[in-house]
Amino acid sequence: MAEASGNSPRRDPNGRALLGGLALSELVRSGSIRTPSYVYDLDAVAAGARELREAFGNEPHLVAYAVKANTAGPIVRTLAAQGCGADVVSGAELSVALACGVPAQSIVYNGVAKRDDEIDKALGAGILSIQIESVEEIVRVAARARALGRKERARISLRINPALDFEALETHANIATGHDAAKFGIAQDDLPRAIDIIKASPEVELVGLGHHIGSQIPSVPAYRTAARTLFSLGVAVRAGGIRTLRFLDTGGGFGIDYGAGAVPKPGDYVRAALEERKAAEVDDLMLMVEPGRSMVAAHGVLISRVVQTKVSTVRGTARRWLMIDAGMNDLIRPALYQARHRVVPLDTNGASADFTATLWRVVGPVCESSDDFGVHALPDAPPEHVALLDAGAYGYVMSNQYNGRALPDEVFLRGGQIVSISRGKSPDDWVQERVAIQG
């Protein structure tokens, strides 16, 4: 959702929250969308991609969109049209990227436990690189290339774990990947062994080095430090006789503002990496980044209907709950990461700035105490519908039908109008699937 000053959603003169120029409350009232529904602004996604690519100037680069953030076809096609590649972490995501027009030579495949059939699929597609996350995986990829009888060497890159201090990452433990206790990446001490295996494996060719320190990194220094480490390793690998490097990949993880205050723009991370690449004198190599959240999160909202309120007095203290029809099955991030998404009314009915004078604990219908979106300032007389902001990343892709609930719809906006609606599975679909199991 486009933001105005003070981290408030942009509204029209009548107080209606806008996305892509459309009043969301009118979309709901017209019957065009149901609740819960994710709504995305494709124009804003495209504009953000252009802004990020401009940060590279004329330097050779690849923005490999982390498809796991939002796998919807309209999102991936929009980014592909802006010249973005893809970072995938499964064979299915690879299929989505290719089907949505991402060139194979602009795709990298990450992941710590790729199955043999997924490795075969990546080799057959001719992608830019399979990102290796362990020394043992080099042997597996070489074996699969040999079994397939490939004439060309399999292109691989090494994802290095920079072993940063966990506190320096400034993010939640569940999304920090660049510390030495993480399952991700090859330890720096193991790099010489990895290089020796590559040199002894004629089936593979080392074309890149990369890292990913974590997600929702809120400041540039940790990213810069990791980039400096990566580039120094690139220098060392070249000095050791490897002449096939094509790129250095500093990953993604660019933080976004979920309402707590300003964070650097994605381009700020890129410019810092470019500076470190030049200082290390490896600027002949293409710089790759793998942003996901920062490309889509702010451009999607989750629309929900207010089902009822609950007001109680407990030991003299008033407790107020606002119960909505979206739950942790629709948006699991608050339960999984203790993430906070701002909750705002779709329509203020022309009320003045004090329309958020009452604190409500916003909760969903799922039978779990963790189905809780936190305390938010909302009108004393609750609105009919609310929007959970910044929900374009890791929302629908992590949704499920726990408690037999529906999957949310997805609604895509472009040019000020709805261009596509994807209907989620209904409770009836769930019932039929569960009952049909024989035994």
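Residues numbered from 1 in each chain as written. Predicted model: local features only at pLDDT ≥ 70, side-chain atom pairs only at ≥ 80, totals over all residues. Heavy atoms only, no water.

(A) Region of interest: unusual backbone geometry. The residue after Thr-35, namely Pro-36, is reached through a cis peptide bond having omega -5°. Positive phi values are uncommon outside glycine, yet Asn-403 reaches one of about 65°. For Asn-403, the position within the fold is in the loop between β18 (385-388) and β19 (409-414). Residue classification places Asn-403 among the partly exposed residues on the basis of a relative accessible area of 36%. (Helix = DSSP H or I, 4+ residues; strand = E, 2+ residues; numbered from the N terminus. Buried < 20%, exposed > 50% of the residue type's maximum accessible area, 1.4 Å probe, protein only.)

(B) Main features of the nonpolar core. Residues Tyr-65, Ile-75, Leu-158, Leu-206 and Met-295 are the most contacted members of the largest nonpolar core, which totals 95 residues. The element contributing the most residues to this core is helix α9 (residues 220-239), with nine residues. Residues Leu-19, Leu-22, Ile-33 and Ile-303 belong to the second largest nonpolar core, which totals 15 residues. (Core = buried A, V, L, I, M, F, W, Y, C linked by side-chain atoms within 4.5 Å.)

(C) Quick look at the confidence of the model for the protein. Scored by pLDDT, the protein comes out at a mean of 91, with 92% of its residues at no less than 70. Ignoring residues within four places in sequence, the model shows residues 1-7, a span with pLDDT below 50, making 23 contacts including any to other chains. Note that pLDDT drops below 50 for residues 171-179; the model gives that stretch 42 contacts with residues more than four away or on any other chain. (pLDDT = per-residue confidence, 0-100. Contact = heavy atoms within 4.5 Å.)

(D) Seen up close, the side chain of Ser-294. Along the chain, Ser-294 falls in helix α11 (residues 293-296). Apart from residues lying up to four places away in sequence, Ser-294 is in contact with Phe-254, Ile-256 and Pro-266.

(E) Main features of the pattern of salt bridges. All chains considered together, the criterion is met by 27 salt bridges. Where Arg-29 meets Glu-26, a salt bridge forms, and the shortest distance between an N and an O atom there is 3.4 Å. Highlighted residues: Arg-29 and Glu-26, both in helix α1 (residues 24-29), separated by three residues, approximately one helical turn. Accessibility expressed as a relative area gives 43% for Arg-29, which makes it partly exposed. Glu-203 serves as the salt-bridge partner of Arg-146, at 2.6 Å between the closest nitrogen and oxygen. Residue Arg-146 is located in helix α6 (residues 135-147), and its partner Glu-203 is located in the loop between α8 (191-199) and β10 (204-210); the two are separated by 57 residues in the primary sequence. (Salt bridge = Lys/Arg side-chain N within 4 Å of Asp/Glu carboxyl O.)

(F) View of the packing of aromatic side chains. Considering all chains together, one arrives at six aromatic pairs under this definition. On the basis of an interplanar angle of 90° and a centroid distance of 6.5 Å, the ring pair of Tyr-38 and Tyr-396 is categorised as edge-to-face. In this pair, Tyr-38 is assigned in strand β3 (residues 37-41) and Tyr-396 in the loop between β18 and β19, connecting sequence segments 358 residues apart. Accessibility expressed as a relative area gives 22% for Tyr-396, which makes it partly exposed. Within the aromatic cluster, the residues linked to one another by ring pairs are Tyr-38, Tyr-40, Tyr-396 and Phe-412. The ring of Trp-321 carries the charged tip of Lys-310 above its face, separated from the ring centre by 4.8 Å. We note Arg-320 situated over the ring of Trp-360; from NZ or CZ to the ring centre the distance is 4.2 Å. (Phe/Tyr/Trp six-rings, centres within 6.5 Å; stacked < 30°, edge-to-face > 60°. Lys NZ or Arg CZ within 6 Å of the ring centre and 35° of its normal.)

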